[in-house]
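Here are the chains, one letter per residue:
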Number of protein chains: 2
Amino acid sequence: MTAQRIDGKALAARLQETVAARTAGLGATQGLRPGLAVVLVGSDPASQVYVRSKRRRTAEAGMQSFAHELPEDTGEAALLELIARLNTDPAVHGVLVQLPLPAHIDPMRVLAAIDPAKDVDGFHVVNAGRLATGQPGLVPCTPLGCMMLLRERHADLSGLHAVVLGRSNIVGKPMAQLLLAENCTVTVVHSRSRDLPMLCRQADILVAAVGRPELVRGDWIRPGATVIDVGINRVVRPDGTARLIGDVAFDEAAAVAGAITPVPGGVGPMTIACLLANTLIASCRQAGLPDPDLTPAPGA
Amino acid sequence: MTAQRIDGKALAARLQETVAARTAGLGATQGLRPGLAVVLVGSDPASQVYVRSKRRRTAEAGMQSFAHELPEDTGEAALLELIARLNTDPAVHGVLVQLPLPAHIDPMRVLAAIDPAKDVDGFHVVNAGRLATGQPGLVPCTPLGCMMLLRERHADLSGLHAVVLGRSNIVGKPMAQLLLAENCTVTVVHSRSRDLPMLCRQADILVAAVGRPELVRGDWIRPGATVIDVGINRVVRPDGTARLIGDVAFDEAAAVAGAITPVPGGVGPMTIACLLANTLIASCRQAGLPDPDLTPAPGA
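Residues numbered from 1 in each chain as written. Chains lettered and ligands numbered in written order. Predicted model: local features only at pLDDT ≥ 70, side-chain atom pairs only at ≥ 80, totals over all residues. Heavy atoms only, no water.

- Per an unreviewed UniProt entry, chain A is named Bifunctional protein FolD, and its organism is Salipiger abyssi.
- In its Sequence similarities (unreviewed entry) section, UniProt records this for chain A: "Belongs to the tetrahydrofolate dehydrogenase/cyclohydrolase family." (UniProt positions renumbered as here; feature names shortened; annotations may be inferred.)

### What about helix α2 (residues 45-60) of chain A?
All names here are of chain A.
Step number 1: The end-to-end C-alpha distance of α2, which contains 16 residues, comes to 23 Å, matching closely the 22 Å that a straight helix rising 1.5 Å per residue would cover.
Step number 2: Listed in full, the buried residues belonging to α2 are Ser 47, Val 51, Ser 53, Lys 54, Arg 55, Arg 57 and Thr 58.
Step number 3: Contact partners of the buried residues in α2: α1 (8-30), β2 (35-41), β3 (64-70), β4 (94-97) and α10 (267-286). (Helix = DSSP H or I, 4+ residues; strand = E, 2+ residues; numbered from the N terminus. Expected span 1.5 Å × (residues − 1). Buried < 20%, exposed > 50% of the residue type's maximum accessible area, 1.4 Å probe, protein only. Contact = heavy atoms within 4.5 Å.)

### Focus on the nonpolar core
Step number 1: Judged by nonpolar contacts, the single largest core of 113 residues is most densely connected at Val 19, Leu 179 and Ile 228 of chain A together with Val 19, Leu 179 and Ile 228 of chain B.
Step number 2: Leave out the neighbours within four places in its chain, and Leu 179 of chain A touches Met 147, Leu 150, Leu 157, Ala 162, Val 164, Cys 184, Val 186 and Val 207 of chain A. (Core = buried A, V, L, I, M, F, W, Y, C linked by side-chain atoms within 4.5 Å.)

### Re the domain arrangement of chain A
Step number 1: Here chain A is described as being made up of domain 1 (31-124) and domain 2 (141-267).
Step number 2: Spacing between the C-alpha centres of domain 1 of chain A and domain 2 of chain A amounts to 29 Å. (Domains from an automatic or database assignment.)

### Quick word on the pattern of salt bridges
Residue and element names in this part refer to chain A.
Step number 1: Applying the stated criterion across every chain yields a total of 18 salt bridges over all chains.
Step number 2: A salt bridge links Arg 217 to Glu 252; the nearest nitrogen and oxygen atoms lie 2.4 Å apart. With a gap of 35 residues between them, Arg 217 in the loop between β7 (205-208) and β8 (226-229) and Glu 252 in helix α9 (residues 250-254) connect regions that are remote in the sequence.
Step number 3: Overlapping salt bridges bring together Glu 76, Asp 106 and Arg 109 as one network. (Salt bridge = Lys/Arg side-chain N within 4 Å of Asp/Glu carboxyl O.)

### Looking at the UniProt feature "domain: Tetrahydrofolate dehydrogenase/cyclohydrolase catalytic" (unreviewed entry) in chain A
Step number 1: UniProt records the feature "domain: Tetrahydrofolate dehydrogenase/cyclohydrolase catalytic" (unreviewed entry) at residues 6-121 of chain A, using the numbering of this structure.
Step number 2: Secondary structure content for residues 6-121 of chain A is 51% helix and 16% strand, and the end C-alpha separation is 24 Å.

### Brief notes about the interface of chain A and chain B
Step number 1: Taken together, the contact pairs 32 residues of chain A with 32 residues of chain B.
Step number 2: Interface of chain A and chain B: buried area, both sides summed, is about 2700 Å²; carbon and sulfur atoms make up 51% of it.
Step number 3: When residues of chain A are sorted by the area they lose upon contact with chain B, Val 125, Leu 180 and Arg 192 of chain A head the list and together hold 18% of the total.
Step number 4: Inspection of the chain A/chain B interface yields zero salt bridges.
Step number 5: The set of elements that each furnish at least two residues to the side of chain A that touches chain B consists of α5 (125-133), α7 (172-181) and β6 (185-189) of chain A.
Step number 6: Ranked by residue count, the leading element in the side of chain A that touches chain B is α5 of chain A, at seven residues.
Step number 7: Among the residues making up the side of chain A that touches chain B, the classes are represented as twelve nonpolar, 15 polar and five charged. (Buried area = accessible area lost by both parts, 1.4 Å probe. Nonpolar A, V, L, I, M, F, W, Y, C, P; charged D, E, K, R; others polar.)

### Digging into empty space enclosed by the protein
Step number 1: Applying the stated criterion across every chain yields a total of one cavity of 30 Å³ or more.
Step number 2: The calculated volume of the largest cavity comes to roughly 170 Å³.
Step number 3: Broken down by secondary-structure element, the contributors of at least two residues to the lining of the largest cavity are α7 and β6 of chain A together with α7 (172-181) and β6 (185-189) of chain B.
Step number 4: Grouping the constituent residues of the lining of the largest cavity by class yields eight nonpolar, two polar and two charged. (1 Å grid on protein atoms, 1.4 Å probe; cavity = no way out; pocket = protein on both sides within 12 Å on 5 of 7 lines; lining within 4 Å. Points joined across faces, edges and corners; volume = space filled by probe spheres on them.)

### Topic: the sheet that holds strand β4 (residues 94-97) of chain B
Two pairing modes exist for strands in a sheet, parallel and antiparallel, and in both the strands are linked by backbone hydrogen bonds.
Residue and element names in this part refer to chain B.
Step number 1: Strand order in the open sheet made by the three strands is β3-β2-β4, with parallel pairing throughout. Strand pairing shows two members of the sheet lacking a second neighbour, β3 (64-70) and β4, which therefore form its edges. Adjacent strand axes in the sheet meet at a mean angle of 15° when their direction is disregarded.
Step number 2: Bridge count between strand β2 (residues 35-41) and β4: four bridges; the pairing is parallel. Looking across to β4, one finds that Val 39 is bridged to Val 97. (Pairing = 2+ DSSP bridges. Axes fitted to C-alpha atoms, helices over the stretch in contact; angles between N-to-C directions.)

### Some thoughts on the confidence of the model for chain A
Should the pLDDT be low somewhere, the predicted coordinates at that spot are not to be read in detail.
Step number 1: Taken residue by residue, chain A gives an average pLDDT of 96. The fraction at 70 or more is 98%.
Step number 2: Scored as a complex, the prediction yields pTM 0.97 and ipTM 0.96. (pLDDT = per-residue confidence, 0-100.)

### Thoughts on the relation of the copies chain A and chain B
Step number 1: Its rotation angle being 180°, the transformation that places chain A on chain B also includes 0.0 Å of axial translation and leaves an RMSD of 0.0 Å. Here the copies are linked by what is in effect a two-fold axis. Residue Gly 129 of chain A, judged by its C-alpha, is the member of chain A lying nearest the rotation axis, at 1.7 Å.
Step number 2: In this assembly, 100% of the residues forming the interface of chain A have copies in chain B that are likewise at the interface, indicating an isologous arrangement. (Least-squares fit on C-alpha atoms with pLDDT ≥ 70 in both.)

### Digging into the UniProt feature "binding site: NADP(+)" (unreviewed entry) in chain A
Residue and element names in this part refer to chain A.
Step number 1: Using the residue numbers shown here, the UniProt feature "binding site: NADP(+)" (unreviewed entry) corresponds to Gly 166, Arg 167, Ser 168 and Ile 232.
Step number 2: Relative to the elements of secondary structure, Ser 168 occurs in the loop between β5 (161-165) and α7.
Step number 3: Setting aside residues no more than four positions away along its own chain, Ser 168 makes contact with Lys 173 and Pro 174.
Step number 4: With respect to the helices and strands, the residue Ile 232 is situated in the loop between β8 and β9 (233-236).
Step number 5: In this structure, Ile 232 is in contact with Leu 244, Ile 245, Val 263 and Gly 268, ignoring residues within four places of it in sequence.

### Re the packing of α1 of chain A against helix α6 (residues 141-153) of chain A
All names here are of chain A.
Step number 1: α6 packs onto α1 with a crossing angle of 105° between their chain directions and a minimal axis gap of 11 Å. By the angle between their directions, the pair α1 and α6 is classed as roughly perpendicular. Mapping the contact onto sequence places Gly 8, Leu 11, Arg 14 and Leu 15 in α1 and Met 148, Leu 149 and Glu 152 in α6.
Step number 2: Of the residues assigned to the contact of α1 with α6, the class counts are four nonpolar, one polar and two charged. (Parallel < 35°, antiparallel > 145°, perpendicular 65-115°, else oblique.)

### Some words on the layout of surface pockets
All names here are of chain B.
Step number 1: One number sums up the size of the second largest pocket: a volume of about 1000 Å³.
Step number 2: For the second largest pocket, the lining is made up of 32 residues, of which Tyr 50, Thr 142, Ile 232, Gly 268 and Thr 271 are closest to its centre.
Step number 3: Those elements giving two or more residues to the lining of the second largest pocket turn out to be α2 (45-60), β4, α6 (141-153) and α10 (267-286).
Step number 4: Take the lining of the second largest pocket: its biggest share by element is six residues, from α10.
Step number 5: When grouped by side-chain class, the residues that make up the lining of the second largest pocket number 20 nonpolar, eight polar and four charged.
Step number 6: When residues are assigned to domains, the lining of the second largest pocket turns out to be shared by domain 1 (31-124) and domain 2 (141-267), each giving three or more.

### Re the environment of Ala 277 of chain A
Step number 1: Relative to the helices and strands, Ala 277 of chain A is located in helix α10.
Step number 2: Excluding residues that lie within four positions of it along the chain, Ala 277 of chain A makes contacts with Val 19 and Leu 294 of chain A.

Written out as structure tokens, the structure is:
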């Protein structure tokens, strides 16, 4: 291994500290306590784990956490009514509806009902449009975390060629917009692209977000490139135990890249930290205050 | 010259015919007459020419044209009031505010005031967000026209590498989204990109939209590529007369490319035709009808 290992766990902890400090400052100077409402419909076990983790971290950051757990058979109208209430509740600055929703509820209609100013997941069409047109908005947490990881390695991304593997609405496409806003040349490649290895080898920055275990091999990496691995794939070993691996074959890639995020411990931990950062940003804007400085404290 | 010349003037005329036929059909079967309101503030001569041309073409397509010419010193509040009225006027299906606006009016605030369902320029943040997330909306006219020109040459764009030179909100960025939605590999390059010629030479489809006269030379073009030239640059000859040239050095490029749009007579004529197409689409959607089939009649 020659590549610098970009430690997402450590960076996320530093970001969480910064968010907690700014949150304490808001309370002291403005009497404002950021509040995040997390809505869960049904009892999907993975969703329950995520939601609990989000609530715990919200409280740890000194924010108020509002829990809304609705039964599986909740109607869409009832959910929309709850969202309307949260939209007008002045103690709630961020509203997050945990996905996936039960099949009888249209997720697009639900996401569209959230006040864009409180849309801390950044999935509302208005926030997607703001990102696409360079206006300030709320940015999806995972790509926001990827940008922070990149800044651990690059003070300035201008002119670098970034290749984004994947074009989902929640990672690939917003990631491409963020990189473009930082003056990267940006290529989006996906399942229909021809000659993925050749396209990836052009990358100064390679962001893999396709959900295919170890798709990206060592010889897809340009020597010295920075590799951000968004994939979190659960694979089962022959003995029945499970482990998490990324979209990048780590050992091969680390022998060639200049810097790389591990899985686990790379992008994953950043996502909840960025959710808290978004909640803090949303709180400040709703109070008419300038955006908080979220530069994480320098690493050890 | 070996390249096929993609004739935008002819395609625009065919599209206008199709729009006129569908408009007549809407009148006959639904009693619906699409209406487009064009708002001009001030007396910029170029804007006056554009606005008159849009009105004439609207009438020629059988649509109702509403003219609103306001004096240069119109206040922002008065303009926003007019837009609010047009938003609720059932005879108006499309609202276009001619840019640029006088300096004392904030264009972002004005564009944001237009009902996204009537935003036939496709500049509203909600339409940008719909395009970015793959939801149906109204698409800016120039990139929409570029896609139609591409379809003259390619039945299927899937897997082709498209390079978009330029990243404006009204051409480059929406163009990239449209190409991605057609399953192209998409690279966005711009003034901060390194080695523009090398990046452009990878393009199966090259869209030049930077507004720099003849920036793209023949040796930037991959043999057989399709070149769409969005640039319309006015250059003055030594004798004082003016001519229009594109962002691509046409003769050089035409010797290498497989197909190319000329300037003038390429992308330019498509823009107004696509404005009428958008007005027709907006009319159908507001009436709860399916989108019209706008496949232009086959060429001669």
